[in-house]
Amino acid sequence: MAEHNLENQLRTALQGLQPSRDFIQTVEKRFRPPKRKIEIQRAGGAQRFTLAAGSVLAAFLIILTLTRVLYYLLGFSRRHTA
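Residues numbered from 1 in each chain as written. Predicted model: local features only at pLDDT ≥ 70, side-chain atom pairs only at ≥ 80, totals over all residues. Heavy atoms only, no water.

## A look at the overall build of the protein
Put simply, the test is: Helix and strand definitions follow DSSP, with helices as H or I runs of at least four residues and strands as E runs of at least two, each counted in order from the N terminus.
A tally of regular secondary structure across the protein gives four helices and zero strands. Ordered by position from N to C terminus, the α and β elements of the protein give α-α-α-α.

Set out below in C-alpha cells:
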C-alpha cells in the first residue's frame, strides 16, 4: 500500500507542466535579442594595407614556428653538440 502511494506521489511530482501562452510570450519578448542593422563598407586603402601586412606577418610567424618545431623534433639541435 505504501509503495503504491509512493508511486502515485512520484508520478504526480514528475508530471510535466504546460506554462501558459502569456508566460511564454513574455519570456520570449524579454530574452529575444533586438534586431540589428549591419552596415558593410569596403575597406579603404589604409585598412587594406594593414590587413595585408598583418596577414603576411602572421603567416611568417606560423612558418617560423613550424620550422622551429620540425628542427627540434627531427633532432638537428642534438647533432651539432659536442
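## Quick notes on helix 3 (residues 45-73)
The following threshold applies: Multiplying 1.5 Å by the helix residue count minus one yields the expected span of that helix.
Between its first and last C-alpha atoms helix 3 spans 42 Å; for 29 residues at 1.5 Å apiece the expected length is 42 Å, and the two agree. Of the residues flanking the end of helix 3, it is Gly75, one or two places downstream, whose phi is positive at about 85°.

## Overview of the packing of aromatic side chains
Here is the rule: Stacked, tilted and edge-to-face are the three classes applied to pairs of Phe, Tyr and Trp rings, where Trp contributes its six-membered ring and a pair requires centres within 6.5 Å; stacked means planes under 30 degrees apart, edge-to-face means over 60, and tilted covers the rest. A simple rule labels every residue: compare its accessible area, found with a 1.4 Å probe on the protein chains alone, to the largest value its type can have, and call it buried under 20%, exposed over 50%, or partly exposed in between.
Under the definition given, this model contains one aromatic pair. Arranged with centres 5.3 Å apart and planes meeting at 85°, the rings of Tyr71 and Tyr72 form a pair that is edge-to-face. Of the residues examined, Tyr71 reaches a relative accessible area of 36% and is grouped as partly exposed. Judged by its relative accessible area of 46%, Tyr72 falls in the partly exposed class.

## Concerning the pattern of salt bridges
What counts, and what does not: Any Lys or Arg side-chain nitrogen located within 4 Å of an Asp or Glu carboxyl oxygen qualifies as a salt bridge.
Throughout the structure, instances matching the rule amount to one salt bridge. In this structure, the salt-bridge partner of Glu28 is Arg32, at a minimum N-O distance of 3.8 Å. The exposure class assigned to Glu28 is partly exposed, which follows from its relative accessible area of 36%. When its relative accessible area of 53% is taken as the criterion, Arg32 is described as exposed.

## So, a nonpolar patch on the surface
For the record, the criterion: Patches in this entry comprise residues that are over 30% relatively accessible and not in a salt bridge; like charges within 9 Å are linked, as are nonpolar side chains (Val, Leu, Ile, Met, Phe, Trp, Tyr) within 5 Å. Per-residue and other accessible areas were derived by the Shrake-Rupley procedure at a 1.4 Å probe size, with only the shown protein chains allowed to occlude residues.
Together, Val69, Leu70, Tyr71, Tyr72, Leu73, Leu74 and Phe76 make up a nonpolar patch on the protein surface, roughly 700 Å² of accessible area in all. Looking at the nonpolar patch element by element, the count peaks at five residues for helix 3. Secondary-structure assignment places Val69 in helix 3. Note on Val69: relative accessible area 39%, which makes it partly exposed.

## Examining the confidence of the model for the protein
Under the convention used in this document: The pLDDT value expresses, per residue, how confident the predictor is, ranging between 0 and 100.
On average, residues of the protein score 83 in pLDDT, and 85% of them reach the 70 mark or higher. Mean pLDDT per element in the protein: helix 4 (residues 76-79) is the minimum at 72, and helix 3 is the maximum at 93.

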